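Inside the fold
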Amino acid sequence: MDKIISLQIWQLASAYIFIVLLLLIVKLRGIPREKEIIIASIRMTLQLVLTGYILMYLFENSNPVITVLVIVIMEVFAVYNIYKRVKLTLSLKLKKIIAIAMLTGTTSSLLFFIFVVIHISPWYDPRYFIPIAGMFIGNSMTGISLGVSRLVDGITDNRHLIESALMLGASPKNASREIVNNAFDSAILPTINSMVGMGIVFLPGMMTGQILSGISPITAIEYQIAIMLGILGSVALSVILFVQMGYKTFFNNEHQLNI
Amino acid sequence: MFQLENVKYQDILDITQLHIPSRKITCIVGESGSGKTTLLRLLNKMNSYTEGEIYYNNNPISQIDSISLRREVVMLPQTPAIFSGTVEDNLLMGLKFSEKPLVDQKQLLNILEIVHLNKPLKENANKLSGGEKQRLALGRVILMNPTVFLLDEPSSALDEKTEKTIIQQLADYSKQNHKTLIMVTHSKNIAKTYADYIIEINNGKFIKPKGESNG
């Protein structure tokens, strides 16, 4: 295996030339985006440095309670992020369902992945558990965010069609079937598309990271395939749970549209 | 068929007592915003009244499952929805939604004749004019063969001549098939010509019945 190239501080600093280049472009083009670029660069640097130290601490102090705690914090942050990302007013019921779907979908697929697919020992080994959980939770968060927007917009925009279907004796499930299907489809499509380009158009971050850190590309690919399938499962499970429970919040006990 | 007792819906409708007979044509007339559509929506539980009780065949509708009720008491809104697909898809949609057995093409063509819609079954429904869409939606409801028709201004998008033909066909159809037809109409002329029973609503209050009720 090739020797790993450890970056010197000046080498890392030289990479910031790309930020300077971007700042130059926006300045010359008169695009008022300098502030955001600087803030994003600083945040990215500080967050990653902090994460690096936290992960180092966690890897050296492997403990099931801490691993679970980290997952809980990630889940809470992801759910909060969905509420913030979706620029719609969400009912308390829908917010609860988002949280339940996120938690159930990601946890069940994560546990299957940890215990069956890669079978790590001990199961809480943070070196595996935390990055894999991050990828499952992050992708499911994006999927549910899309699903929420599509479901809420779909029901609001097609209120007239849904009411007409109810008047014809449709159950809420049948009256909103097409909208629920569209929301699910839109939410999982980005994950499916990313699978299509994988390995040809781009090398995924995790795989690139493993290859750069000296791991054989074959091992990196094996992990990447397993991770990609796991992500797909986690996104699909979280989103289907969300849409299946979510549409019901728009109807009351008398099967009337409640918006 | 329907009996309303002390029914209130928010501050829109307030009806002390009202009887709507079965197997008759009942027209609901009144000014815009007087609560006519709300009354129809209460009868098939698209809205729930805030006070009082409505009885359907002597059973309080609050105790009848909404979906089962809507499969017997079908409502056609003033601007009916046209679903994506063909004329045939739209005709069959009501049967599919209400989980009733589908019918053959001969019966579909027969329905198109009743509503005077001379269009091929494979025509894209979204390309029809407003009046044609209204007749297509009416055909969809007739095909469901419900016990009660709740029609909200079923001829609002039709010209005078077509309106007369369609309402006449509808009246004949409901008489021949012993259906209960409850229809909101802006036209006092239609009400006078076709209704066995007229309900006038003003400011959410039921004014007076006209005609005999024997339901």
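All of the points below concern the structure found in this document. As a convention, each chain's residues are numbered from 1 in the sequence order in which they are written. Following the order in which they are written, the chains are lettered starting with A and the ligands numbered starting with 1. Side-chain atom pairs in this predicted model are given and counted only at pLDDT of 80 or more, local residue features only at pLDDT of at least 70, and totals for whole chains, interfaces and linings cover all residues. Side-chain figures throughout are based on the complete set of non-hydrogen atoms in the structure, without hydrogens or water.

**Details of the packing of aromatic side chains**
Residue and element names in this part refer to chain A.
- Ring pairs are drawn from Phe, Tyr and Trp, using the six-membered ring of Trp, whenever the two centres fall within 6.5 Å, and their geometry is named by plane angle: stacked under 30 degrees, edge-to-face over 60, tilted for the rest. One pass over the full model with this rule turns up 9 aromatic pairs over all chains.
- Taken together, a centroid distance of 6.4 Å and an interplanar angle of 25 degrees make the contact between Tyr 128 and Tyr 223 stacked. Taken together, the positions of Tyr 128 in helix H6 (residues 126-157) and Tyr 223 in helix H11 (residues 217-246) put the pair 95 residues apart, joining distant regions of the chain.
- Exposure classes here rest on a 1.4 Å probe applied to the protein chains alone. A residue is buried below 20% of its type maximum, exposed above 50%, and partly exposed in between. A relative accessible area of 23% means that Tyr 223 is categorised as partly exposed.
- Connected via pairs of aromatic rings, a cluster forms that spans Phe 115, Trp 123, Tyr 124 and Phe 129.
- When the ring centre of Tyr 83 is taken as origin, the NZ or CZ atom of Lys 95, which lies over that ring, is 5.3 Å away. Secondary structure follows DSSP: runs of H or I at least 4 residues long count as helices, runs of E at least 2 residues long count as strands, and numbering of each begins at the N terminus. Charge over a ring is defined by NZ of Lys or CZ of Arg lying within 6 Å of the ring centre and within 35 degrees of the ring normal.

**So, the interface of chain A and chain B**
- Each partner contributes to the interface: chain A provides 17 residues, whereas chain B provides 27 residues.
- Contact between chain A and chain B buries roughly 1,800 Å² in total, counting both sides, with carbon and sulfur atoms accounting for 56%.
- In the sections that follow, a salt bridge refers to a side-chain nitrogen of Lys or Arg positioned within 4 Å of a carboxyl oxygen of Asp or Glu. Seen at the junction of chain A and chain B, the total is 2 salt bridges.
- Lys45(B) is the partner of Glu254(A) in a salt bridge, and the nearest nitrogen-oxygen pair spans 2.9 Å.
- N or O atoms closer than or at 3.5 Å make up a polar contact, with two conditions inside protein: a donor-capable atom paired with an acceptor-capable one, and, for residues adjacent in sequence, both atoms drawn from side chains. Counting every contact that joins chain A to chain B gives 9 residue pairs in polar contact (both at pLDDT 80 or more).
- Put simply, the parts of the chain that give the side of chain A that touches chain B at least two residues each are helix H7 (159-167) and helix H8 (172-175) of chain A. Every residue pair with non-hydrogen atoms within 4.5 Å of one another is taken to be in contact. Here the quantity called buried area is the total loss of accessible area, with a 1.4 Å probe, experienced by two parts when brought into contact, counted for both.

**Things to note about the nonpolar core**
- For the purposes of this section, nonpolar cores are sets of buried Ala, Val, Leu, Ile, Met, Phe, Trp, Tyr and Cys residues that join through side-chain atoms within 4.5 Å. Among the nonpolar cores identified, the biggest contains 125 residues, and Phe242(A) and Phe2(B) are the most heavily contacted of them.
- At 11 residues, H6(A) tops the list of elements feeding residues into this core.
- In contact with Phe2(B), other than residues within four places in its own chain, are Leu18(B), His19(B), Ile20(B), Leu43(B), Ile54(B), Tyr55(B), Tyr56(B), Val73(B), Val148(B) and Ile182(B).

**Overview of the pairing of strand S7 (residues 148-152) of chain B**
Residue and element names in this part refer to chain B.
- With 5 of 5 residues buried, S7 is to be regarded as a mostly interior element.
- Burial along S7 is two-sided: Val 148, Leu 150 and Asp 152 facing one way and Phe 149 and Leu 151 facing the other are all buried.
- Two strands make a pair as long as DSSP finds a minimum of two bridges between them. Pairing of strand S6 (residues 73-76) with S7, which is carried by 4 bridges, proceeds in the parallel orientation. Across the sheet, Met 75 pairs through a bridge with Leu 150, a residue of S7.
- Sheet topology places S7 next to strand S8 (residues 180-184); 5 bridges connect them, and they run parallel. Its bridge partner lying in S8, Phe 149 is registered against Leu 181.

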